[in-house]
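One-letter residues, chain by chain:
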Amino acid sequence: MLGWGVDRLRADMSRLLAILFHQGVLDEQFLQLQQLQDESSPNFVSEVVNIYFHESEKLLRNLRGLLLDREFSDYKKMGIHLNQFMGSSSSIGANRVRNVCVAFRAASEQNNRAGCLRALELLEHEYCYLKNKLHELFQMEQQRVLAAGARYPLQQQQH
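Owing to the predicted nature of the structure, the values given are computational and were not obtained by experimental measurement. (Residues numbered from 1 in each chain as written. Predicted model: local features only at pLDDT ≥ 70, side-chain atom pairs only at ≥ 80, totals over all residues. Heavy atoms only, no water.)

Take the overall build of the chain next. When helices and strands are counted, the chain shows six helices and zero strands. Counting from the amino terminus, helix and strand elements in the chain follow one another as α-α-α-α-α-α. Relative to the 2.2 N^0.38 estimate, which gives 15 Å for 159 residues, the radius of gyration of the chain is 20 Å and therefore markedly larger than a compact globule would have. With respect to the principal axes defined by its C-alpha atoms, the chain has extents near 75 × 25 × 25 Å. Counting over 159 residues, the chain shows a buried share of 36%. Long-range contacts, defined as pairs at least 24 residues apart, comprise 67% of the intrachain contacts of the chain with a sequence gap of at least 6. About 9,800 Å² of surface is accessible on the chain, with carbon and sulfur atoms providing 53% of the total. (Helix = DSSP H or I, 4+ residues; strand = E, 2+ residues; numbered from the N terminus. Rg over C-alpha atoms; globule rule 2.2 N^0.38 Å. Buried < 20%, exposed > 50% of the residue type's maximum accessible area, 1.4 Å probe, protein only. Contact = heavy atoms within 4.5 Å. Areas by Shrake-Rupley, 256 points an atom, 1.4 Å probe, with all protein chains shown as cover.)

Let us now look at the UniProt feature "domain: HPt" (unreviewed entry) in the chain. Listed under "domain: HPt" (unreviewed entry) in the UniProt record, and renumbered for this structure, are residues 41–137. Summarising residues 41–137: 86% helix, 0% strand, and an end-to-end C-alpha distance of 17 Å. (UniProt positions renumbered as here; feature names shortened; annotations may be inferred.)

Moving on, we come to helix H5 (residues 95–109). The terminal C-alpha atoms of H5 lie 21 Å apart, and with 15 residues this matches the ideal 21 Å at 1.5 Å per residue to within 8%. For H5, every residue scored as buried is listed here: Asn 95, Val 97, Val 100, Cys 101, Phe 104, Ala 107 and Ser 108. The first or second residue beyond H5 is Asn 111, which carries a positive phi of 55°. (Expected span 1.5 Å × (residues − 1).)

What follows is about the nonpolar core. The biggest cluster of nonpolar side chains holds 41 residues, and the ones touching the most others in it are Val 49, Tyr 52, Met 78, Phe 85, Phe 104, Leu 123 and Leu 134. Of all the secondary-structure elements, those providing two or more residues to this core are helix H1 (2–22), helix H2 (28–35), helix H3 (44–68), helix H4 (75–92), H5 and helix H6 (113–158). By residue number, the principal contributor to this core is H6, which donates ten residues. Not counting the four nearest positions on each side in its chain, Val 49 is found in contact with Phe 30, Leu 33, Ile 92, Leu 134 and Phe 138. (Core = buried A, V, L, I, M, F, W, Y, C linked by side-chain atoms within 4.5 Å.)

All right, on to the packing of aromatic side chains then. Taken as a whole and judged by the stated rule, the model has five aromatic pairs. Look at Phe 85 and Tyr 127: their rings are 6.4 Å apart centre to centre, the planes differ by 70°, and that puts the pair in the edge-to-face class. With Phe 85 in helix H4 and Tyr 127 in helix H6, this residue pair connects regions lying 42 residues apart in the sequence. Accessibility assignment for this pair places Phe 85 and Tyr 127 in one class, buried. Members of the aromatic cluster, joined through ring pairs, are Tyr 52, Phe 53, Phe 85 and Tyr 127. (Phe/Tyr/Trp six-rings, centres within 6.5 Å; stacked < 30°, edge-to-face > 60°.)

We now examine the packing of H3 against H4. Two elements in contact, H3 and H4, have axes whose closest approach is 10 Å; the angle formed by their N-to-C orientations is 160°. Compared by their axis directions, H3 and H4 come out roughly antiparallel. The hand of the H3/H4 crossing is left-handed. Contacts from Val 48, Val 49, Tyr 52, Ser 56, Leu 59, Leu 60, Asn 62, Leu 63, Leu 66 and Leu 67 of H3 reach H4 at Lys 77, Met 78, His 81, Leu 82, Gln 84, Phe 85, Ser 88, Ser 89 and Ile 92. For the contact of H3 with H4, a count of residues per class yields twelve nonpolar, six polar and one charged. (Axes fitted to C-alpha atoms, helices over the stretch in contact; angles between N-to-C directions. Parallel < 35°, antiparallel > 145°, perpendicular 65-115°, else oblique. Left-handed = near helix turned anticlockwise from the far one by under 90°. Nonpolar A, V, L, I, M, F, W, Y, C, P; charged D, E, K, R; others polar.)

Glancing now at H3. The end-to-end C-alpha distance of H3 is 36 Å, a good match for the 36 Å that 25 residues give at a rise of 1.5 Å each. Every buried residue of H3 is listed here: Val 45, Ser 46, Val 49, Tyr 52, Phe 53, Ser 56, Leu 59, Leu 60, Leu 63, Leu 66 and Leu 67.

The next subject is the pattern of salt bridges. If you walk through the whole model with that rule in mind, you get nine salt bridges. Where Glu 124 meets Arg 64, a salt bridge forms, and the shortest distance between an N and an O atom there is 2.5 Å. On the criterion of sequence distance, the pair formed by Glu 124 in helix H6 and Arg 64 in helix H3 is long-range, its members being 60 residues apart. Classification of Glu 124 by relative accessible area gives partly exposed; the value is 21%. Given the relative accessible area of 31%, Arg 64 is considered partly exposed. In this structure, Glu 109 engages Arg 105 in a salt bridge whose closest nitrogen and oxygen atoms are separated by 3.8 Å. Of the two residues, Glu 109 and Arg 105 are both situated in helix H5; the distance of four residues between them amounts to about one turn of the helix. Using a relative accessible area of 60% as the deciding quantity, one classes Glu 109 as exposed. (Salt bridge = Lys/Arg side-chain N within 4 Å of Asp/Glu carboxyl O.)

Right under this line is the structure:
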């Protein structure tokens, strides 16, 4: 019975990943990141992604703070934050977040405050969607590992 749970979780994970790829949320870089995970580092992907989340939230706070400042005029500083966000998003395969950063940077290069505010709103939306979906994926992975681990002692007892 537990084996069915593991198989179902694996299928659910594959389905979720397929949806995220189809929607353009993730790209092939995420698959490359997954390939670096093995028995010696079973939590590699979630650890890298959690670092990305931590850093991204700081960058989002900085971007929001810059734009909400009435005296704001430092579009160059905004561009630096956006370049960091684009690079880290690319490194984990967060395709839609990276694409919004590109559009955001274009608005900042034109000193377009209204465009930057719209881009920030979209960036926060895409980031939250990505974060929620990856948390869902990692929870399924944890459940799969626990279900797989629970099965082995039962098999040993039957011998």
